[in-house]
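Take a look at the letters that make up each chain.
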Amino acid sequence: MVNSNIGCNVNECKYHAENQPLCTLNHIEVVKHKTPATCAECTDCASFEQRC
Ligand code: SF4
């Protein structure tokens with residue numbers, strides 16, 4: 001089911017809603033790659049899984 005509260009344009013992810021810029025998960029984990037995180041690029045969706 002599409003979650004209208006989580007916008008996402010990563011359509012390579014198997015959880016992407018495909019025809020809408022949204023995620024289908026109820027919950028995602030967002031992580032940081034740098035401490036302290038200083039920009040958006042320092043963060044990432046850890047719930048991503050590649051679409052087969
Ligand atoms: S799991 Fe993350 S990357 Fe995948 S569609 Fe949802 S928000 Fe986007």
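Counting starts from 1 at the beginning of each chain's written sequence and moves along it residue by residue. Reporting of local features is limited, given that this is a predicted model, to residues whose pLDDT is at least 70; pairs of side-chain atoms are given and counted only at 80 or more, and all residues count toward the totals for whole chains, interfaces and linings.

Student: Any chance you could explain the site of the ligand here in plain terms?
Tutor: Working rule for contacts: place C-beta from the backbone, and if it is within 6 Å of a molecule or strand, that residue counts as near it. Around the ligand sit I6, C8, V10, C13, Y15, H16, C23, L25, I28, C45, S47 and F48, and that is every residue in its neighbourhood. Residues are grouped as follows: Ala, Val, Leu, Ile, Met, Phe, Trp, Tyr, Cys and Pro are nonpolar; Asp, Glu, Lys and Arg are charged; every other residue, Gly included, is polar. Across the shell around the ligand, the residue classes tally to 10 nonpolar, two polar and no charged.

Student: Explain the environment of E49 to me, please; I cannot follow it from the model alone.
Tutor: Numbering of helices and strands runs from the N terminus, with a helix taken as a DSSP run of H or I at least four residues long and a strand as a DSSP run of E at least two residues long. Along the polypeptide, E49 turns up in the segment after strand 4 (43–45). As a C-alpha pair, E49 and C13 span 36 residues in sequence and 5.4 Å in three-dimensional space. By the convention adopted here, residues are in contact when the distance between their C-beta atoms, placed from the backbone, does not exceed 7 Å. Sequence-distant contacts of E49, that is, excluding residues within four places in its chain, are made with C13, K14 and Y15.

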